[in-house]
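# Fold and geometry: a report
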Amino acid sequence: MPRGKSSFGINGQHNSNLPAGFILVTTPPYLFDNCDFMINEIFILRPYRGKGIGENSVREVFNLHRGKWMLFTTPTDKNLDTISFWRKTLSGYTNNQFTEEDKELNDVGFSKVFKFNN
């Protein structure tokens, strides 16, 4: 993977070329806390949300890139669905072997931070 940022397209249906979203993965030098990879952005179009497409796509990206991962999101009541998504996805992917903490990140602000190794 090139250093910096890489994007991964998400298809809407099995064996379909219809776009459903994307995942943006960041690598050094754009990381925090000495991690190897970070999902900087994930977007799923509304018609494809809640169908497992996002979770399956995230798992594929994790499997492509082995190392120390970090994810962060805003820890607000408006973001509970996102926090729930990450807890569920990481619990299943890591067999509950991930950390979660609320902390201040430079240039980002107060965040809910998830970390794991694969």
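The subject of this paragraph is the pairing of strand β3 (residues 37-44). Note: strand β2 (residues 19-26) against β3, six bridges, orientation antiparallel. Counted as the bridge partner of Leu 24 is Glu 41 from β3. Pairing between β3 and strand β4 (residues 68-73): three bridges, direction parallel. Counted as the bridge partner of Ile 39 is Leu 71 from β4. Since β3 and β4 lie parallel, the crossover through helix α1 (residues 53-64) that links them has a hand, and here it is right-handed.

Glancing now at the packing of aromatic side chains. For the structure on display, the rule yields nine aromatic pairs. Relative to Tyr 93, the ring of Phe 62 lies with its centre 5.1 Å away and its plane at 50 degrees, an arrangement referred to as tilted. In this pair, Phe 62 is assigned in helix α1 and Tyr 93 in helix α2 (residues 80-94), connecting sequence segments 31 residues apart. Owing to a relative accessible area of 16%, Tyr 93 belongs among the buried residues under this scheme. For the ring pair Trp 69 and Phe 116, a centre distance of 6.2 Å and an interplane angle of 0 degrees mean the geometry is stacked. With Trp 69 in strand β4 and Phe 116 in strand β6 (residues 109-117), the pair connects residues that are 47 residues apart, well separated along the chain. Comparing Trp 69 with Phe 116 shows no difference in burial state: the two are buried.

How each quantity is defined
- Residues numbered from 1 in each chain as written.
- Predicted model: local features only at pLDDT ≥ 70, side-chain atom pairs only at ≥ 80, totals over all residues.
- Heavy atoms only, no water.
- Pairing = 2+ DSSP bridges.
- Helix = DSSP H or I, 4+ residues; strand = E, 2+ residues; numbered from the N terminus.
- Right-handed = clockwise from strand over helix to strand, strands pointing away.
- Phe/Tyr/Trp six-rings, centres within 6.5 Å; stacked < 30°, edge-to-face > 60°.
- Buried < 20%, exposed > 50% of the residue type's maximum accessible area, 1.4 Å probe, protein only.

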